[in-house]
Amino acid sequence: MKIGVLGSGAMGSGIAQVAATNGHDVVLVDNNEEAIGKASGKLQKILARLVEKGKIDETTSQTIFSKIEFTTDNQQFEGCGLVIEAIVERLDIKKVVFSELEKIVGDDCILATNTSSLSVASIAAACENSERVIGIHFFNPAPLMPLVEIIPAVQTVDETTKSARKLIDSWGKVTVLTKDTPGFIVNRVARPFYGEALKIYEEGVADFATIDWAMSELGGFRMGPFTLMDFIGNDINYSVTESVFAAFYYDPRYRPSLTQKRHSEAGWFGRKSGRGYYSYSENTIKPEPNKDETVGQEIVDRILAMLINEAVDALFLNIATAEDLDLAMTKGVNYPKGLLKWADEIGLDVVLKRLENLQNLYGDDRYRPSSLIKKMVKSGKKFYN
Ligand code: NAI
C-alpha cells in the first residue's frame, strides 16, 4: 500500500521513515521547498547513523531512503491507501487541506490526522466523506516511540478504525483506541504530572530539584516533572495545558500554572533555549535536592493520587479500556507502571483518602475524586484480578 504523509516537519518525516522501514512506498509532501529538502537531508543522516550503529545494513538504508518520494506536489498522493497529515496545528488550515486531499485520493483511501489537540470530528467535518477520517496520533520521535493513539471521530465508521489500527499494528507499534476528547489518553491523563508538581512548588513545599528527585528516585519515574518539562519545552507544555483546560470547559483539574506561564513568557523554554527550570549553560552546577524522604514521599503520593484519579475518570467516561489506558502511559510516556495497575497495588481506598484529604484541605474541585473510585471502594473491586 502506498502511504502519503503531509507535512515534513519533526512528526511527518518520522512517520514517513516508519512507513518506509515497514516496506511501504511513501510520498512525503510539504508546501515549503526548504522543509522538504531539510527532511530529506535529516533522514539521510539518521539512516547513516543507524548503519554506523549496526542497526541496519547499507542496503537496507538505501532501500528505505529510495522508498520515500520527497515532493511539494500533493497530487502525488493519488493512489495512496492512507494519507497521514502532520502539518501546523491550526484547525482552519487543516480543514482546507483535508477537503483538498479528498479530491486527490481515491474513495477507499483513509485520511488521518496526527493532531495532538484538535478535535478529529472538526477536521473530518471538512470532508464530504467524513467516515474515512480518523486520528492516528504518533509520539515524538515517531520512529522510537512505540505508542500510537487511534482516534475515531463520531463520524468515523468501524471499518476505517479497524483497517487503520491493523496497519499501524503491523508496523510494530503499540496502538490504543481512544475517544475523540481533549488530549486523547496521554495528554489528558498526564496533566497532573506537570500541574500538581508546579502547584507543590508554588506552595513552597519543595524546590524543582527536590520534586524531581522525589518523583524519579522514590516514585520510579524516568524523569522528574521539571526535567521533563524542560525537555518538552515550557512553551509547548504550557500551551497543551491551556488548550486542554479550555477544551474541558475550564475544569479546575486542568488549571494551568502561572509559574510555567512566566517561564514561557521569559523565553525560559528549557533545554532548547539554554534555560528553563534549570540552567543548561556550560559550567552550571545542578542544584542539589533536599533528600528528606518524608517530604519526598508526600510529593509522590500527592501527584500519583492525582494521576490515578485522571486515569480512573477516563475509564469511567469510556475514553479507553483499562488495558489501553495503562499501555498508553507506559508506552507513550514511559511511566514505570500502568496507573490502574498501580492503583490496585496501593489500594483504591488509600487513593480515595488522599484525594479527599486534599479536597478538604483546599476546598478546590481540582481534587474531587472520580465517582468510579468511590464506587469501586464501596464494592471492593479492583481493575485487574
Ligand atoms: P513542524 O512545525 O515540525 O512541521 C510542520 C510541517 O508542515 C512544516 O514543515 C510546514 O512547512 C508544513 N506545512 C504547514 N502547512 C502546510 C500545508 N498547508 N501543506 C503542506 N505542508 C504544510 O510540526 P510537528 O511538530 O511535526 O507537528 C505536526 C503535527 O503533529 C501537528 O498537528 C502537531 O500537533 C502534531 N504532533 C506533534 C508532536 C510533537 O511532539 N512535535 C507530537 C504529536 C503530534
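What you are looking at is a predicted structure, and each value in this text was computed from that prediction instead of being measured.

S.K.: I tried to follow the environment of Ile 346 on my own but got confused; where do I start?
M.R.: By secondary structure assignment, the location of Ile 346 is in helix α15 (residues 339-346). You can call Ile 346 partly exposed: its relative accessible area is 22%. As a C-alpha pair, Ile 346 and Ala 246 span 100 residues in sequence and 32 Å in three-dimensional space. Residues within four places of Ile 346 in sequence aside, it is in contact with Leu 304, Ile 308, Val 351 and Arg 354.

S.K.: I'm lost on the packing of aromatic side chains in this one. Help?
M.R.: For any pair of aromatic rings, the description consists of the separation of the ring centres together with the inter-plane angle of the planes. For the structure shown, the criterion picks out 14 aromatic pairs. Taking the centre distance of 5.0 Å and the plane angle of 80° together, the rings of Phe 245 and Tyr 250 count as edge-to-face. Considering the side-chain rings of Phe 248 and Tyr 254, the 4.6 Å spacing of their centres and the 15° angle between planes classify their relative orientation as stacked. Under the relative-accessibility criterion, Phe 248 is labelled buried at 17%. According to the relative accessible area criterion, Tyr 254 is buried, its value standing at 2%. Directly above the ring of Phe 231 sits Arg 271, whose terminal nitrogen or CZ lies 4.5 Å from the centroid.

S.K.: How should I be thinking about the pairing of strand β7 (residues 147-152) in this particular structure?
M.R.: Strand residues, when the strand is regular, have side chains that alternate between the two faces of the sheet. With 5 of its 6 residues buried, β7 lies for the most part within the structure. Pairing analysis gives 5 bridges linking strand β6 (residues 133-138) to β7, with the strands arranged antiparallel. Bridge assignment links Gly 135 to a residue of β7, and that residue is Ile 151. Where β7 meets strand β8 (residues 174-177), 4 bridges bridge the pair, whose relative direction is parallel. Looking across to β8, one finds that Leu 147 is bridged to Val 174. Taking the sense of rotation as the criterion, the β-α-β connection linking β7, helix α6 (residues 158-170) and β8 turns out right-handed.

S.K.: Help me understand the domain arrangement of the chain, please; the structure alone is not making it clear to me.
M.R.: A common way to state how big an interface is: give the accessible area lost once the parts meet. Examined at the domain level, the chain breaks down into domain 1 (3-177) and domain 2 (186-385). Domain 1 puts 13 residues into the contact, and the matching count from domain 2 is 10 residues. Taken together, the two surfaces of domain 1 and domain 2 that pack against each other cover about 820 Å², and 60% of this comes from carbon and sulfur. One can count 1 salt bridge joining domain 1 with domain 2. As a salt-bridge pair, Asp 324 and Arg 165 come within 3.4 Å of each other at their nearest N and O atoms. Connecting domain 1 to domain 2 are 3 residue pairs in polar contact (both at pLDDT 80 or more). For the side of domain 1 that touches domain 2, the element with the highest residue contribution is β8, accounting for 4 residues. The residue inventory of the side of domain 1 that touches domain 2, partitioned by class, reads 7 nonpolar, 4 polar and 2 charged.

S.K.: What is the right way to look at the nonpolar core in this model?
M.R.: For soluble globular proteins, the rule of thumb is that nonpolar side chains tend to be buried together. Phe 193, Phe 226, Ile 303 and Leu 339 are the most contacted members of the largest nonpolar core, which has 59 residues in total. Element by element, the count of residues in this core is highest for helix α13 (residues 293-316), at 12 residues. Split by domain, the residues of this core number at least three in each of domain 1 (3-177) and domain 2 (186-385). Those residues in contact with Leu 339 that sit more than four places away from it in its chain are Val 189, Leu 304, Leu 307, Ile 308, Ala 311, Asp 326 and Met 329. Judged by nonpolar contacts, the second largest core, of 32 residues, contains Ala 16, Ala 19, Ile 56 and Ile 134.

S.K.: How should I be thinking about a positive patch on the surface in this particular structure?
M.R.: A contiguous patch of positive charge on the surface is contributed by Lys 45, Arg 49, Lys 53 and Lys 55. Exposure remark for Lys 55: the relative accessible area of 60% places this residue in the exposed category.

S.K.: Just checking my understanding: could you explain the pattern of salt bridges for this structure?
M.R.: Pairing between side chains of opposite charge can happen when the charged atoms of each approach one another. Here the structure, examined in full by the defined rule, presents 21 salt bridges. Asp 235 is paired through a salt bridge with Lys 272; the nearest N and O atoms lie 3.0 Å apart. With Asp 235 in helix α11 (residues 234-247) and Lys 272 in the loop between α12 (258-265) and α13, the pair connects residues that are 37 residues apart, well separated along the chain. One network of salt bridges, with partners in common, ties together Glu 196, Lys 199, Glu 203, Arg 302 and Arg 366.

S.K.: Just checking my understanding: could you explain α13 for this structure?
M.R.: Given 3.6 residues per helical turn, the α-helix brings residues three or four places apart onto the same face. Between the first and last C-alpha of α13 there are 34 Å, a value that for 24 residues agrees with the 34 Å anticipated at 1.5 Å per step. Counted residue by residue, α13 has 17 buried out of 24 residues, so it is predominantly covered. Of the residues flanking the start of α13, the one acting as N-cap is Asp 292, its side-chain oxygen 2.9 Å from the backbone nitrogen of Thr 294.

S.K.: So what exactly am I meant to see when it comes to the side chain of Asn 187 here?
M.R.: Here Asn 187 is to be found in helix α7 (residues 186-189). With near-sequence residues (within four places) excluded, Asn 187 lies in contact with Ser 116, His 137, Val 240 and Val 244.

Rules used in this analysis
- Residues numbered from 1 in each chain as written.
- Predicted model: local features only at pLDDT ≥ 70, side-chain atom pairs only at ≥ 80, totals over all residues.
- Heavy atoms only, no water.
- Helix = DSSP H or I, 4+ residues; strand = E, 2+ residues; numbered from the N terminus.
- Buried < 20%, exposed > 50% of the residue type's maximum accessible area, 1.4 Å probe, protein only.
- Contact = heavy atoms within 4.5 Å.
- Phe/Tyr/Trp six-rings, centres within 6.5 Å; stacked < 30°, edge-to-face > 60°.
- Lys NZ or Arg CZ within 6 Å of the ring centre and 35° of its normal.
- Pairing = 2+ DSSP bridges.
- Right-handed = clockwise from strand over helix to strand, strands pointing away.
- Domains from an automatic or database assignment.
- Buried area = accessible area lost by both parts, 1.4 Å probe.
- Salt bridge = Lys/Arg side-chain N within 4 Å of Asp/Glu carboxyl O.
- Polar contact = N/O pair within 3.5 Å; in protein donor to acceptor, adjacent residues only side chain to side chain.
- Nonpolar A, V, L, I, M, F, W, Y, C, P; charged D, E, K, R; others polar.
- Core = buried A, V, L, I, M, F, W, Y, C linked by side-chain atoms within 4.5 Å.
- Patch = residues over 30% accessible without salt bridge, like charges linked within 9 Å, V, L, I, M, F, W, Y side chains within 5 Å.
- Areas by Shrake-Rupley, 256 points an atom, 1.4 Å probe, with all protein chains shown as cover.
- Lys, Arg positive; Asp, Glu negative; His and termini not counted.
- Charge placed at Lys NZ, Arg CZ, Asp CG, Glu CD.
- Expected span 1.5 Å × (residues − 1).

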